[in-house]
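Chain and residue survey
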Amino acid sequence: MYRTNTCGELNISNVGQKVTLAGWVQRSRDLGGMTFVDLRDRYGITQLAFNMEVNASLCEKARKLGREYVVQATGTVTERASKNNKIPTGEIEIIVDELNVLNAAKVPPFTIEDQSDGGDDLRMKYRYLDIRRNPVRRNLELRHRMAMLVRNYLSSLEFLEIETPFLIKSTPEGARDFVVPSRMNPGEFYALPQSPQQYKQLLMVAGMDRYFQIVRCFRDEDLRADRQPEFTQIDCEMSFVEQEDVLQTFEGLAKHLFKEEKHLEFGDFPRITWHDAMRLYGSDKPDIRFGMQFVELNDVVKGCGFSLFDNAELVVGICAEGCAEYTRKQLDALTDFVKRPQVGAGGMVYVKYNSDGSFKSSVDKFYTQEQLKQVAEKFGAKPGDLMLILCGPAMKTRKQLNELRLEMGNQLGLRNPNVYAPLWVIDFPLLEWDEETQRFYAMHHPFTAPKPEDEALLDDPSRWGDIRANAYDIVMNGVEVGGGSIRIHDRELQNKMFHTLGFTDEKAAEQFGFLMDAFTYGAPPHAGLAFGFDRLCSLFGGADSIRDFIAFPKNNSGRDVMSGSPSPIAQDQLDELMIDVRPIANK
C-alpha cells in the first residue's frame, strides 16, 4: 500500500509505530547532520527526519527532493525534541528508513502556501496547484459539508433528489441561453438550463410532491464576483403548499446549516416587503447587520430656496452615528464616491450635529440653525452624528443612497463577515417596466403567481405595475442567497400571464406548450425556491467572491485560462454541425 496513515493524523499516542506516508514535499531544511522534510497531503503536514550519521545515502536522497515532489516515506514515529504547537502533528516526527520518489516535479510558478505569492490570474491558470493550498482546500471541504447537510436535511423531510435534463428547449425570455447545436437535427439547437424551472413543475404534475436537486445551471450573462457562467443551485419544489409552508421549510434548512456548520442559532428570520425594503434601504437585498435606515426629508427641506432640494422628487438621507468629526477631506471623498459612474449621484449634502449642539452643513446659506435642527429631529440624530443626504428621482436616488449606506458600513466596520443577519423579502412586484423596449417583463419568471387579491388587476393594464407577486427571497448580509415563488398551476391564469407579457397564443404554445398541456392533466398547487449554492458557501466561508468555492471557476471574461476555453473547434466539426463561422473569422 502507498500509505498506512495520512499526514494529518499522527500524534504523541502513535510514538513507536512503524508507518508509511505519501504526499507532496512542502519544504525541506538541510542542517548538515540532519535533514528535515515537511510532507503534505490533503489532511495536514508531518515532519520527516533524516540523520546523516545513521543513513548517509538516504539523507543525500532527501536533500535532492524539490518542492512538490511526490514521495513515499516509511519510518518510525518519534517524539520531536523541538515541538511545533501550530499543527496537530507538531509533537512527533518520522525517523525515515525508506524513501521513494513517486514523481518529480517542476518548481511551481507560485508558492503553495496559505499566503501565496501568486496573483489571481496565475493561480487560475494553475488551478490544480492552487487547490493544494490550505485556504482553497478548506473552501472545497466546506462546500462538501454544506452539500451533505442539505441532502440529509431535505431527505429527512421526504424530499427526493431527482435529476432533470441538461439539454433542453431554449426559452429566451430570461437571461441569455448557452446554446448547443444538434448534429442529428441540423439547424436546430438545445439550450443549457438557466434553471430546472419547467421540469421541476412537471415533477409536481407527476406527483413527486417534494423534489430537490443540487444542480448545475448556465447563464450567458456579464460576470462579477458573485456570478459565473455555470453555477450551482439547491433547487427545490413542493406541492400542496402555501407561501408560509415554503418559508418555514427553507428557513429551517438555513437554520440547520448555521447550527451544524457555524454553531449559530437563530430565532425567526425577520420579514420585510419589497416596497419597505426599497423605502428603508434602497435595495431588495438589504444588509441589516447595521442600521442607517433611510429618512425622507421632503417635508422639512423643501421651500427654503435650495433649488436642488426644491425641484427633486425625493430628498432622502442616512444618519451615521458618531461621525460628526469627519474631516472635509473625508466628506469630499464620500462626495467623490457617490459621483462615481457606478453610483451616479450628482453630489451629496452633509449636516454635522456638533457636540455643542450647533450644526454645520454644506448648505448653510440656505438653511438656518433652527431648520437644520428640524432635519436632525427627523433623523432622530444626537450630538456627534453626521447626516448624509441625496436627492433626485425617487427610485434612482434610493439606489444611490444604498451604495453610500454600504460604503459607510464598510468604513465604520459594521459589515463583519463573521456576523450573519438573514431575512426574507416578500411581496415583490409581479411585473417590471423596461424603458428601452417599452413593455412589462416578469420580475422573476412567467410562472410566478400574483397575490390572489391582486389577480383581478391583470385585466387592467394601467394597474399592472401595482400587481404583487407571491414571491420571496432569502437575503443574508446584503446578498440574495435564494428566491422562489408560488407557481401558477391554473392553465387559464397562466395563459393570461403570457398575454400580459406580450406572448401570442402561438408563441406561448411554441415555447411552453408541453408545460401548458401538462396543466390540463391535473396540476396541484405548488411552489418552490432555489438557493445559490456557490453564494451560500462563500458567505459561510466569509468571502466576497464565489470563485474560491468552485473547484475550476471561470474568470471575469467567462474564460477558463487553465484549459484555454472557449476556443475555436476544427472545421470538420463545424461542417458536421452545419455551422459557418468564416464570416466571423474574416472580421
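Residues numbered from 1 in each chain as written. Predicted model: local features only at pLDDT ≥ 70, side-chain atom pairs only at ≥ 80, totals over all residues. Heavy atoms only, no water.

Considerations on the pairing of strand β4 (residues 70-79)
Condition: Two strands make a pair as long as DSSP finds a minimum of two bridges between them. Helix and strand labels come from DSSP, where a helix needs a run of H or I of at least four residues and a strand needs a run of E of at least two; each type is numbered from the N terminus.
Where strand β1 (residues 18-30) meets β4, seven bridges bridge the pair, whose relative direction is antiparallel. Pairing of Ala22 across the sheet is with Gln72, part of β4. Pairing of β4 with strand β5 (residues 92-103) involves ten bridges; the strand directions are antiparallel. Note that in β5 the partner of Ala73 across the bridge is Leu99.

Describing the environment of Arg63
Worth spelling out the cut-off: Exposure is judged per residue with a 1.4 Å probe applied to protein chains only, and the accessible area is read against the type maximum: over 50% gives exposed, under 20% gives buried, and values in between give partly exposed. In this analysis, two residues are considered to be in contact whenever any of their non-hydrogen atoms come within 4.5 Å of each other. Under the rule applied, a polar contact is a pair of N or O atoms within 3.5 Å (in protein, one hydrogen donor and one hydrogen acceptor; residues adjacent in sequence only if both atoms are side-chain atoms).
Relative to the assigned elements, Arg63 resides in helix α1 (residues 56-63). On the accessibility criterion, Arg63 (28% relative accessible area) is partly exposed. Expressed as a C-alpha distance, the spacing of Arg63 and Ile214, which sit 151 residues apart in the sequence, is 47 Å. In contact with Arg63, other than residues within four places in its own chain, are Asp30, Gly32, Thr35 and Met52. In this structure the side chain of Arg63 is engaged in a polar contact, spanning 3.1 Å, whose partner is the side chain of Glu60.

Describing helix α15 (residues 533-540)
Because an α-helix packs 3.6 residues into every turn, residues spaced three or four apart end up facing the same way. Of all eight residues in α15, eight are buried, a share of seventy percent or more. Buried within α15 are the following residues: Phe533, Asp534, Arg535, Leu536, Cys537, Ser538, Leu539 and Phe540. One or two residues past the end of α15 sits Gly542, with phi positive at roughly 70°.

What about the state of the cysteines?
As a reminder, the rule being used: When two cysteine sulfur atoms lie within 2.5 Å, the pair is treated as a disulfide.
Summed over all chains, the structure comprises zero disulfides. In this structure Cys323 is a free cysteine whose sulfur lies 8.5 Å from that of Cys319, the closest cysteine sulfur available. With no disulfide of its own, Cys391 lies closest to Cys304 among cysteine sulfurs, the gap being 13 Å.

Remarks on the packing of aromatic side chains
Keep this limit in mind: Two rings from Phe, Tyr or Trp (for Trp, the six-membered ring) form a pair when their centres are within 6.5 Å of each other. A pair whose planes differ by under 30 degrees is stacked, one over 60 is edge-to-face, and the rest are tilted. For a Lys NZ or an Arg CZ to count as sitting over a ring, it must be within 6 Å of the ring centre and within 35 degrees of the ring normal.
A complete count under the given rule lists 22 aromatic pairs for this structure. Taking 6.4 Å as the distance between ring centres and 40° as the angle between the ring planes, the aromatic pair formed by Tyr199 and Phe514 counts as tilted. Residue Tyr199 is located in helix α5 (residues 197-205), and its partner Phe514 is located in helix α14 (residues 505-519); the two are separated by 315 residues in the primary sequence. An angle of 55° between the planes, with centres 5.8 Å apart, marks the rings of Phe503 and Phe512 as tilted. When sorted by exposure, Phe503 lands in the same class as Phe512, which is buried. A connected cluster of aromatic rings, assembled from ring pairs, spans Phe258, Phe266, Phe269, Tyr420 and Phe540. The residue whose ring lies beneath Lys255 is Phe269, and the NZ or CZ to ring-centre distance is 5.7 Å. Over the aromatic face of Phe290 sits the side chain of Arg405, whose NZ or CZ is 4.0 Å from the ring centroid.

A closer look at helix α10 (residues 328-339)
Quick reminder of the rule: To estimate how far a helix should extend, the number of its residues minus one is multiplied by 1.5 Å.
Across its twelve residues, α10 extends 16 Å between first and last C-alpha, which sits within 8% of the 16 Å expected from 1.5 Å per residue. The secondary structure elements touched by the buried residues of α10 are β14 (349-353), β16 (386-392) and α12 (394-411).

As for the environment of Gly322
Relative to the helices and strands, Gly322 resides in the loop between β13 (314-320) and α10. Relative accessible area serves as the criterion here: at 56%, Gly322 is assigned to the exposed category. When the C-alpha positions of Gly322 and Val300 are compared, they lie 23 Å apart, and in sequence the two are 22 residues distant. What Gly322 contacts, discounting residues up to four positions off in sequence, is Gly384 and Asp385.

Looking at the environment of Phe189
Structurally, the position occupied by Phe189 is in strand β8 (residues 189-191). When the C-alpha positions of Phe189 and Phe178 are compared, they lie 9.9 Å apart, and in sequence the two are eleven residues distant. Not counting residues up to four positions away in its chain, the partners in contact with Phe189 are Val179, Val180, Pro181 and Ser182.

Concerning empty space enclosed by the protein
Using the following cut-off: In this analysis, the protein atoms alone were mapped onto a 1 Å grid. Cavities are point sets where a 1.4 Å probe fits without being able to get out; pockets are open sets with protein on both sides within 12 Å along at least five of seven lines; lining residues have an atom within 4 Å of a point. Grid points are joined across faces, edges and corners, and a volume is the space filled by probe spheres set on the points. As a working rule, the residues Ala, Val, Leu, Ile, Met, Phe, Trp, Tyr, Cys and Pro are called nonpolar, Asp, Glu, Lys and Arg charged, and the rest polar, with Gly in that last group.
On inspection of all chains with the given rule, the structure shows two cavities of 30 Å³ or more. Taken together, Val301, Phe309, Val349, Val351, Val363, Tyr367, Leu372, Val375 and Ile389 make up the full set of residues lining the largest cavity. Of all the elements in the fold, those that place two or more residues in the lining of the largest cavity are β14 and α11 (369-379). Taken together, the residues that form the lining of the largest cavity break down as nine nonpolar, no polar and no charged. Taken as a whole, the second largest cavity encloses approximately 30 Å³ of empty space. What lines the second largest cavity is simply Arg216, Gln228, Glu230, Ile550, Phe552, Pro553 and Lys554. Grouping the amino acids of the lining of the second largest cavity by side-chain chemistry returns three nonpolar, one polar and three charged.

Things to note about the side chain of Thr74
Looking at the secondary structure, you find Thr74 in strand β4. Given the relative accessible area of 12%, Thr74 is considered buried. Within the local environment of Thr74, its side chain forms a polar contact with the side chain of Thr20, the two groups lying 2.9 Å apart. With sequence-adjacent residues up to four places away left out, Thr74 is seen in contact with Lys18, Val19, Thr20, Ile95, Val96, Asp97 and Glu98.

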